[in-house]
Amino acid sequence: MGVLRDAMRKRSLQAFIIPSSDAHMSEYICEADMQREFISGFTGSNGTAVVTTNKAALWTDGRYFLQASQQLSSDWTLMKSGLPDTPSISKWLLGELSSGSSVGFEGSKNSYGSYKKWKKELSKDKENHLELISVSPDFFDSCWPDRPSYPKNPVFVHPLKYSGQPTSEKLANARKEMEKKKAELLVVSALDEIAWLLNIRGSDISYNPVALSYVIVTPEEVFWFIAPHKLSDEVREHLKDLNITYKGYEELFTVLRDMSGRRVWVDPACSNSAIYQEIPEEFRISDHSPLSIPKAIKNEVEQQGLRDSCLRDSAAIVEYLAWLEHQLKEGAKITEFEGSMKLLEFRQKQDRFVDVSFATISGSGPNGAIIHYHATQDHCSIIDHKNLYLCDSGAQYYDGTTDVTRTVHYLEPTAHEKRCFTRVLQGHIDLASTIFPKGTEGRMLDPIARLPLWKDGLEYRHGTGHGVGSFLNVHEPPTLISSSAGNRGAYFSNPFKPGMTVTIEPGYYEDGAFGIRIENDYLITEAETPNHFEDLPFYTFENLTWVPIQPSLVNSSLLSTVQRKWLNEYNQRCKEKLAPLLSDELAIDYVTRNTLPIE
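Residues numbered from 1 in each chain as written. Predicted model: local features only at pLDDT ≥ 70, side-chain atom pairs only at ≥ 80, totals over all residues. Heavy atoms only, no water.

**What to know about the domain arrangement of the protein**
Alright, step 1. Under the domain assignment, the protein is made up of domain 1 (1-135), domain 2 (156-294) and domain 3 (297-595).
Alright, step 2. Placing a centre on the C-alpha atoms of domain 1 and another on those of domain 3 gives a separation of 33 Å.
Alright, step 3. Facing 10 residues of domain 1, the contacting portion of domain 3 comprises 11 residues.
Alright, step 4. Together domain 1 and domain 3 conceal approximately 910 Å² of surface at their shared face, both sides included; 59% is due to carbon and sulfur atoms.
Alright, step 5. For the domain 1 face of the interface with domain 3, the top three residues by lost area are Tyr28, Arg63 and Leu66, together amounting to 54%. (Domains from an automatic or database assignment. Contact = heavy atoms within 4.5 Å. Buried area = accessible area lost by both parts, 1.4 Å probe.)

Next up, the structure:
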C-alpha cells in the first residue's frame, strides 16, 4: 500500500481505483491480472478497491460480505454493495477528497461503462468535482515487483463433434448482423466469445478454457491478435480457409489506428476503456456483441453434449457423497480440502473430463454460510457429520460444462435446519416447474424461487441462476436469473430462448451456523401446453442434473402435493438414470436410500 501511495504521489493522484477484471472484462482472470487481490488480500471474484492517500475501501456484493470481512485487514473498510446505506464509489470519493483532486484508473482494466459512469458522477457538480485520470498499464508494476508473467499456454481445436457448428457459419451470421448495423469492423474482446467463434479452446485462465486474445471481424477478413507461439499447425490448419491474419496480442491498437475512419462495432460491457476511447465517437457503434446470444443458445450437438456430461458428472458427485458418508460413519477425519480433492478424483475417472469449472466450495457447518467459500490445504475445517455440509462444484468436459450444489446431513438435522432446507427446496421446485411465455426475462422469474423463503422471513444475497457454457465459462453471459439483471456488465436483460442453459440455485445462509443451496443445471425448452394463445410459444426448464435430493432433510408437511410429486419423481429419475453408470456398492446404496419416496 505504501509503494502504491508513493506512485500516486509521483503522478499527483489523490486516489486510485483497482478493479477485479482484466483487459477483457473477464470474471475469472489469470494471476498476472490479480491486482485487487494483491493489494487487498481479498480473494473473491467480484470487488473494486479504492485507495486514497490515507484510506482504503473495498466494494463487493452480497456473495462475499462474510468472506471479505474475514480477509480484509484493519486498514480496509468493507463497502457492502447493494445495501441502502452503502455509498457508491463516486459518492464516497466526493466525500473524501477535496474538489479538483485527481482519481487514477487503468483504462485497460476498466470497462468503458464504468469510466463513463464515474466521469459523469465525479464531474457533474462544478463546486465539488474530481478529475478522472487514465494511467498506463505499467503504473501498478512498481507495487508488485514479483508479479507473475502472463501464461504462454497453447490453444487447441474444439472439433465439430462437440461444437456442432463450423466457424464459417458463425462468421457469416456475425457479418449479417454487422451489415444490419452498417458496421465495417467488429471488435471482439470477450474471451469466451472468441473461443466460441473460432471453435478453439485454451487454458490461460484457471477453470475457463479460453486464450488471451482479441479478434477483429471485417466483411472479408478476420484478424486474430494472439501470441504466435500459442498457435499449433493443427490450429492453423483448422482455420486455413477463413482468411485469418494473425497478429501479436499487443498489435490491436496499431491495427485500429490503421483502420481509422471505419464504423466499428464495440461492446461497452466487454471492451475496456482504452479500446473504446481509441475509436472516435462518430465511428463507434456501441451495442451488445452479436456473438453473445448465439453463443448462449446451444445447438443440438451442444445440447446433447450437456445432457451427457451432466449425467456423467452427477455420477461422480454421487460416488463422492456416498464415499464421504461412509468415511464419516467409520470415524474418519476428512477435511473440507480433502473432500474437494476426493471429488476431483471421482470426476477424473469420467470420460472426456478436462478440469474443474471453478474452485470447489466444500463447506461444513459455518463455512457453508460463506457463499463462495474456498477451502485450502492450510485453511480448512474438518467435515463434521453433526453439521450441514454444502458442496458446490462443477467440471469442464469436452462436451459440456457443469455446476451443481448439494447440501447434505449425515446424522439428524435440527427442525430449524429442515425447515430452512425445505423452503429452499420449494423455491427450486417452483421455479424449475414454471412455464413461461416467450419474451420472459430472468429478472421476472427470480421472485418465484424466493417466495417460499419470504414466507418464513428468509432471503439470500445472490442471483437465482446464471448461464452455463458448452465447454466454456461456467458463468456465461448474458443469461441470468436475478432481480438485478437489468444491466450487470456482460449480463443484460434479454428474453429467455430455447437452447439457453441456466442454473437454478436458491439458498439460505446463517452466519456462523450453516449454509444451504440446491443447484441444478437446466436447458430451456419449448413447453407443451393445452392452449396456444395467439400462437404464443411457451417455454420451461429441462433438468440436466441427476443427483438425488436428500429426503431426510425435508419437512414433508411444508410441501404441497405438486411439490411432493416433483421431488419423488425427480429422485426416482435420478435412480433410473444413474443405474447404468454406477458399479460401486456404496454409491448404489446411497442412491437407493436417498430416492425413497416421501409420503
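Structure's up, so let's keep going.
**A word on the environment of Asp351**
Alright, step 1. With respect to the helices, strands and loops of the structure, Asp351 is situated in the loop between helix H14 (336-348) and strand S15 (353-356).
Alright, step 2. Between the C-alpha atoms of Asp351 and Ala211, which are 140 residues apart in sequence, the distance is 24 Å.
Alright, step 3. Excluding anything up to four places from it in sequence, Asp351 contacts Arg312 and Tyr397. (Helix = DSSP H or I, 4+ residues; strand = E, 2+ residues; numbered from the N terminus.)

**Looking at the packing of helix H7 (residues 167-181) against helix H8 (residues 191-198)**
Alright, step 1. Close contact between H7 and H8 brings their axes to 7 Å; oriented N to C, the two are set at 120°. In terms of their interaxial angle, H7 and H8 are classed as oblique. Only Trp196, Leu197 and Leu198 of H8 make contact with H7, whose side of the interface consists of Thr167, Lys170 and Leu171.
Alright, step 2. For the contact of H7 with H8, the per-class residue count stands at four nonpolar, one polar and one charged. (Axes fitted to C-alpha atoms, helices over the stretch in contact; angles between N-to-C directions. Parallel < 35°, antiparallel > 145°, perpendicular 65-115°, else oblique. Nonpolar A, V, L, I, M, F, W, Y, C, P; charged D, E, K, R; others polar.)

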